[in-house]
Amino acid sequence: MLTQIKGLHHVTSMAASAQENSDFFTKALGLRRVKKTVNFDDPEVYHLYYGDEIGTPGSVMTYFPFPHIARGRPGAGEVGETSFAIPEGTLGYWKERLASRGVDGLSEHQLWGEKRLRFKGPDSDAFSLVEVKDDRRRGWAGTEVDADKAVKGFHGATLRLTDPGATRELLSFMGYQEVDRKGEWSRFAISGGNGADVVDLEVVPSADLARLGAGSVHHIAFAVDDRAAQLEVRKALIGTGYQVTPVIDRDYFWAIYFRTPGGVLFEIATNEPGFDRDEDTGHLGEALKLPTRYEPYRDEISRRLEPIRD
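Residues numbered from 1 in each chain as written. Predicted model: local features only at pLDDT ≥ 70, side-chain atom pairs only at ≥ 80, totals over all residues. Heavy atoms only, no water.

## Regarding the overall build of the protein chain
Let me state the cut-off plainly: Helix numbering and strand numbering both begin at the N terminus, where a helix is a DSSP run of H or I of at least 4 residues and a strand a DSSP run of E of at least 2. Categorising residues by exposure relies on relative accessible area from a 1.4 Å probe, with only protein chains included: less than 20% of the type maximum marks a residue as buried, more than 50% marks it as exposed, and the intermediate range marks it as partly exposed. Whether two residues touch is decided by their heavy atoms; if any such pair falls within 4.5 Å, the residues are in contact. A 1.4 Å probe and the Shrake-Rupley method give the accessible areas. Residues count as covered only by the protein chains that appear here. Counting rule applied: Lys, Arg positive; Asp, Glu negative; His and chain ends not counted. Taken as the charge location is NZ of Lys, CZ of Arg, CG of Asp or CD of Glu.
Counting its secondary structure elements, the protein chain contains five helices and 16 strands. Each principal axis of the C-alpha distribution contributes one length, and for the protein chain these read about 50 × 45 × 40 Å. Here the protein chain, with 310 residues, has 55% of them falling under the buried criterion. For the protein chain, the proportion of contacts with a sequence separation of at least 24, taken over those separated by at least 6, is 67%. Summing over all exposed atoms, the protein chain offers an accessible surface of approximately 13600 Å²; the carbon and sulfur share of this is 47%. Where the 39 positive side-chain charges of the protein chain centre and where its 48 negative ones centre are 1 Å apart.

## Some thoughts on the nonpolar core
So the rule is basically this: Nonpolar cores are built from buried Ala, Val, Leu, Ile, Met, Phe, Trp, Tyr and Cys residues. Side-chain atoms within 4.5 Å join them into one set.
Counting 64 residues, the largest nonpolar core has F25, F84, F222 and F266 as its most contacted members. Contact partners of F84, with chain neighbours within four places excluded, come to F25, L29, L31, M61, F127, S128, L129, V130, V151, G153, F154 and H155. By size, the runner-up hydrophobic cluster in this structure holds twelve residues, among which are A221, L265, F275 and L284.

## What to know about the sheet that holds strand β12 (residues 198–203)
Note the following rule: Strand pairing requires that DSSP identify at least two bridges connecting the strands. The angle between two axes is taken between their N-to-C directions and runs from 0 to 180 degrees, where each axis is a line fitted to C-alpha atoms and a helix contributes only its stretch in contact.
If you trace the eight strands from one edge of the open sheet to the other, you get β6-β7-β8-β5-β9-β12-β11-β10, paired in mixed fashion. Each end of this open sheet is capped by a strand with a single partner; those strands are β6 (107–111) and β10 (177–182). Strand-to-strand, the axes of this sheet are offset by a mean angle of 25 degrees, without reference to chain direction. Inspection of the sheet shows strand β11 (residues 185–189) paired to β12 by five bridges, in the antiparallel sense. Bridging across to β12, S186 finds its partner in L201. Strands in contact with helix α2 (residues 91–100) are β5 (78–87), β6, β7 (114–120) and β8 (126–132); relative to β7, the strand with the most contacts, it is inclined by about 10 degrees.

## A closer look at the pattern of salt bridges
Note the threshold: A pairing counts as a salt bridge when a side-chain nitrogen of Lys or Arg comes within 4 Å of a carboxyl oxygen of Asp or Glu.
Tallied over the full model, the rule gives 19 salt bridges. One salt-bridge network, in which partners are shared between bridges, spans E81, E114, R116, R118, R187 and D200.

## So, the side chain of R168
By the element assignment, R168 lies in helix α3 (residues 165–173). For the buried R168, which has no salt bridge, the nearest side chain bearing the opposite charge is E178, at an N-O separation of 4.0 Å. Setting aside residues no more than four positions away along its own chain, R168 makes contact with E178, R181, S186, F188 and L201.

## Let's talk about the layout of surface pockets
As a reminder, the rule being used: Every definition here rests on a 1 Å grid over the protein atoms only: cavities are sets of points where a 1.4 Å probe fits but cannot get out, pockets are open sets enclosed by protein on both sides within 12 Å along at least five of seven lines, and lining residues have some atom within 4 Å of a point. Grid points are joined across faces, edges and corners, and a volume is the space filled by probe spheres set on the points. Gly counts as polar in this scheme, as do all residues outside two lists: the nonpolar Ala, Val, Leu, Ile, Met, Phe, Trp, Tyr, Cys and Pro, and the charged Asp, Glu, Lys and Arg.
In this structure, the largest pocket encloses a volume near 440 Å³. In this structure, the largest pocket is lined by 30 residues; those nearest its centre are G80, K120, S124, D125 and A126. Only β4 (60–65), β5, β7, β8 and β9 (153–161) provide two or more residues apiece to the lining of the largest pocket. In terms of residues, the lining of the largest pocket owes the most to one element, β5, which gives five residues. Of the residues that constitute the lining of the largest pocket, the class distribution is ten nonpolar, ten polar and ten charged.

## Brief notes about the environment of R136
When you line up the elements, R136 lands in the loop between β8 and β9. Put simply, R136 and R304 are 168 residues apart on the chain and 41 Å apart in space, counted from C-alpha to C-alpha.

## A short note on the sheet that holds strand β3 (residues 42–51)
Sheet strands associate in pairs through backbone hydrogen bonding, adopting either a parallel or an antiparallel arrangement. Strand order in this open sheet of eight strands is β2-β3-β4-β1-β13-β16-β15-β14, and the pairing throughout is mixed. Each edge of the open sheet is held by one strand with a lone partner, namely β2 (32–39) and β14 (248–249). Here strand β1 (residues 8–15) pairs with strand β13 (residues 217–224) via five bridges, running antiparallel. Bridging across to β13, L8 finds its partner in F222. Seen against the sheet, helix α1 (residues 18–28) touches β1, β2, β3 and β4 and runs at an angle of roughly 10 degrees to β3.

## Observations regarding the UniProt feature "domain: VOC" (unreviewed entry) in the protein chain
Put simply, the test is: UniProt positions are given in the numbering used here, feature names are shortened, and annotations may be inferred rather than shown by experiment.
The sites that UniProt annotates as "domain: VOC" (unreviewed entry) are residues 7–132 and 153–271. The distance from the first to the last C-alpha atom of residues 7–132 is 16 Å, and the span holds 17% helix and 48% strand. Split by type, residues 153–271 is 18% helix and 42% strand. Its first and last C-alpha atoms lie 15 Å apart.

## Overview of the packing of aromatic side chains
Put simply, the rule reads: The rule is short: rings of Phe, Tyr and Trp, with Trp giving its six-membered ring, pair when the centres are within 6.5 Å, and they are stacked under 30 degrees, edge-to-face over 60, tilted in between.
Within this structure, the stated rule accounts for 17 aromatic pairs. When the ring of F24 is compared with that of F119, the centres are 6.3 Å apart and the planes differ by 40 degrees; the resulting orientation is tilted. Of this pair, F24 sits in helix α1 while F119 sits in strand β7, placing them 95 residues apart in sequence. Assigned by exposure class, F24 and F119 land together as buried. When the ring of Y176 is compared with that of F222, the centres are 6.0 Å apart and the planes differ by 80 degrees; the resulting orientation is edge-to-face. Here the residue Y176 occupies a position in the loop between α3 and β10, and F222 occupies one in strand β13, the gap between them amounting to 46 residues. A relative accessible area of 1% places Y176 in the buried class.

As structure tokens, then:
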């Protein structure tokens with residue numbers, strides 16, 4: 001069993017409009033945009049990052065906004081819902097806040113003994129806010145959301161699968177333990193993690209395969225401290241038969257990727273070097289940052305990107 005994984009690092013999804021996406025996460029949810037850069041493989045598309053004050057691993061939701069992209073189709077083999085942790089006793093505040101902004105799909109639920117508020121993002125992305133007791137992480141208090149109500153970071157994510165058996169084995173190998181099971185649901189948690197500690201599995205045996213598009217999660221990333229830990233994880237995964245990519249420099253972390261038996265794309269990302277490597281912490285996410293290979297084309301890239309009003 002691996003011991004290097006600390007919980008979630010980030011979740012990356014697809015969107016249609018960069019402006020709507022930025023407004024939703026910074027104004028409705030009160031997260032900080034910690035980086036405005038571009039897709040490494042398609043520099044005409046933004047890569048936007050949202051999180052706490054410094055983009056702490058375990059707090060970062062990221063997006064590729066592709067103009068005119070078709071809406072994704074929910075189904076099996078994907079991350080079905082991403083959940084954020086909020087302070088205990090603040091669910092009513094958040095329900096009122098999101099309702100006042102016209103957020104769709106608001107509904108209160110109890111799952112695993114937790115109070116949660118489910119809602120939809122601009123592209124029908126599935127989210128929930130979960131009241132978590134004694135979460136010591138600090139949310140971003142640089143907006144109109146007070147610090148005692150701010151989103152702390154991720155709580156976890158739900159994988160929707162037709163057959164969860166091999167994914168259960170994989171999560172156990174990655175250091176997660178199954179802590180509960182109820183009907184078609186099972187919960188895995190990592191002990192001593194970074195706060196973004198849980199992964200739920202929902203069994204949907206008759207569901208069609210998900211189709212990637214706006215509102216879909218592209219991949220889910222798990223955190224390790226550094227490159228040495230990442231190489232240990234990579235070696236162990238390859239040793240069990242997984243096809244893992246070489247290490248890829250993503251400027252703000254190093255990444256490896258592999259496809260799970262259930263069809264979900266997993267990433268293992270380092271906590272280093274962080275989002276302040278190329279701009280001051282006080283101004284994260286304001287200027288357009290480009291990977292070095294695209295810097296000579298900055299003017300052309302900037303002209304092609306949708307302007308984002310803050």
